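The primary structure of each chain is shown beneath.
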Amino acid sequence: MTTAIDFDRIDARGPAALASLLRRMPKAELHVHVEGTLEPELIFRLAERNRVPLAYPGVEALRAAYAFTDLQSFLDVYYAGAGVLRHEADFFDMAWAYFERAAADNVVHAEVFFDPQTHTERGVPIEAVIVGLHHACQRAHQEFGLSAKLILCFLRHLSEDAAFATLEQALPYRDHFIGVGLDSSERGHPPEKFARVFARARELGLHVVAHAGEEGPPAYIRGALVVLRVERIDHGVRCVEDPALVERLARERVPLTVCPLSNVKLCVFPSLERHNLPALLDAGLVATVNSDDPAYFGGYVNDNFVQTFAALPQLGARHAWQLAANSFEASFAPEADKRRWAAELDRVFAAEP
Ligand code: ADE
Ligand code: ZN
């Protein structure tokens with residue numbers, strides 16, 4: 001219901017007013033890795049608390065290492081950073097710090113990825129991971145009214161057998177996560193490698209999503225759709241190389257969780273000015289804006305919105321509204337919640353002077 005919203009009038013007020021609206025509008029975040037929210041300050045605090053040696057003398061030296069050339073160069077640093085997480089309280093503290101930031105960005109619903117194998121491979125019990133994160137989700141709901149859900153990701157550079165073992169280990173905590181995803185090094189690890197474990201996850205009634213078309217080709221997006229039968233594609237920006245695929249994604253309303261700052265930091269696009277978000281929206285895709293690994297990529301979800309709109313002046317108030325509306329549609333939240341958030345979104349836009 002957008003009849004009461006005058007998008008042209010909002011645009012006429014200029015970029016600062018639009019940036020303010022981008023920050024204030026309610027939104028869902030659907031693509032954020034909780035290990036990617038681990039800020040350098042918290043890495044150092046946890047390293048000290050858990051007596052884990054770090055390869056960097058201080059926060060500034062660590063931050064200076066955040067110069068990535070591709071996905072793998074980032075993942076190497078990201079997995080090393082996660083090495084300071086040892087106990088349930090560490091997982092709670094990390095997730096809680098994210099939820100405080102998300103609430104400040106007017107995120108009303110977050111579906112948060114976590115990578116259990118990154119921790120269980122180091123001897124951390126999966127219970128510490130899931131229970132710590134779950135308690136932070138509960139507190140986010142109590143304190144901020146932010147509905148927070150977890151999605152368990154399999155690391156695609158490991159085997160499908162390892163993914164099966166992880167799913168089995170997680171089943172005692174089945175109520176604490178709503179779905180499974182697929183992340184880590186994309187090239188050379190096509191979705192088909194995980195066909196059986198995704199079929200099992202679907203049988204268990206879990207939602208299914210997968211990273212595809214970030215660095216990998218459009219064929220990986222097709223594989224995720226056809227073989228894994230995913231409900232959303234994480235990133236998916238390379239779909240534009242296959243017009244028939246774009247047409248299918250639009251027709252079937254398969255959402256893409258796009259992460260602009262991530263894409264620039266990992267050299268998927270040379271700059272925000274060259275990002276294809278406007279083309280994805282023009283093609284009628286259910287695109288959303290998300291932060292991916294905000295502690296590593298220079299910003300949380302509102303930074304992604306504000307910087308992307310500043311770099312792409314063809315994006316205006318209608319696109320802002322559409323992206324927030326898409327985030328609710330694309331979420332796995334109950335329909336009644338989606339309707340409530342969508343109505344609040346309309347109220348915020350209609351109240352603009
Ligand atoms: N794990 C954390 N961030 C990721 C990304 N952008 N792509 C794949 N795996 C990830
Ligand atoms: Zn991601």
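Residues numbered from 1 in each chain as written. Chains lettered and ligands numbered in written order. Predicted model: local features only at pLDDT ≥ 70, side-chain atom pairs only at ≥ 80, totals over all residues. Heavy atoms only, no water.

Caption draft 1: Spotlight on the side chain of Glu352. Along the polypeptide, Glu352 turns up in the segment after α18 (335-350). A relative accessible area of 5% means that Glu352 is categorised as buried. Side-chain polar atoms of Glu352 contact the side chain of Arg13, separated by 2.9 Å. The residues touching Glu352, leaving out its near neighbours within four places in the chain, are Arg9, Ile10, Arg13, Leu21 and Arg24. (Helix = DSSP H or I, 4+ residues; strand = E, 2+ residues; numbered from the N terminus. Buried < 20%, exposed > 50% of the residue type's maximum accessible area, 1.4 Å probe, protein only. Polar contact = N/O pair within 3.5 Å; in protein donor to acceptor, adjacent residues only side chain to side chain. Contact = heavy atoms within 4.5 Å.)

Caption draft 2: Quick peek at the site of ligand 1. Around ligand 1 sit His33, Leu71, Phe74, Leu75, Tyr78, Asp183, Ser184, His211, Glu214, His235, Asp292 and Asp293, and those are all the residues in its vicinity. Out of a free accessible area of 260 Å², ligand 1 has 100% covered by protein chains. Among the elements that take part in the shell around ligand 1, helix α5 (residues 71-81) stands out by supplying 4 residues, more than any other. Looking at the shell around ligand 1 residue by residue, the class counts come to 4 nonpolar, 4 polar and 4 charged. (Near = heavy atom within 4 Å. Areas by Shrake-Rupley, 256 points an atom, 1.4 Å probe, with all protein chains shown as cover. Nonpolar A, V, L, I, M, F, W, Y, C, P; charged D, E, K, R; others polar.)

Caption draft 3: Region of the structure containing the pattern of salt bridges. The tally for this structure, following the rule as stated, stands at 21 salt bridges. Note that Asp242 is salt-bridged to Arg222, the shortest N-O span being 3.1 Å. Of the two residues, Asp242 sits in the loop between β6 (232-235) and α12 (243-251) while Arg222 sits in helix α11 (residues 218-226), which places them 20 residues apart along the sequence. Judged by relative accessible area, Arg222 falls into the partly exposed class, the value being 29%. (Salt bridge = Lys/Arg side-chain N within 4 Å of Asp/Glu carboxyl O.)

Caption draft 4: Up close: the coordination of the zinc ion (ligand 2). Taken together, the protein ligands of the zinc ion (ligand 2) are His31 (NE2), His33 (NE2), His211 (NE2) and Asp292 (OD), with distances of 2.0 to 2.2 Å. Note that the zinc ion (ligand 2) binds 4 donor atoms; their angles at the metal cover 82 to 174°, and the shape is irregular. In primary sequence terms, the donor set of the zinc ion (ligand 2) follows H-x1-H-x177-H-x80-D. Here His33, found in strand β1 (residues 27-33), pairs with Asp292, found in the loop between β8 (287-289) and α15 (294-297); they are 259 residues apart in sequence, far enough to count as distant. Across this residue pair, the class does not change: His33 and Asp292 are buried. (Donors = N, O, S within 2.8 Å, 3.2 Å for Na, K, Ca; no water. Tetrahedral: all angles 85-135°; square planar, octahedral: opposite > 155°, others 65-115°.)

Everything listed here is a matter of coordinates, which is why it stays silent on function.
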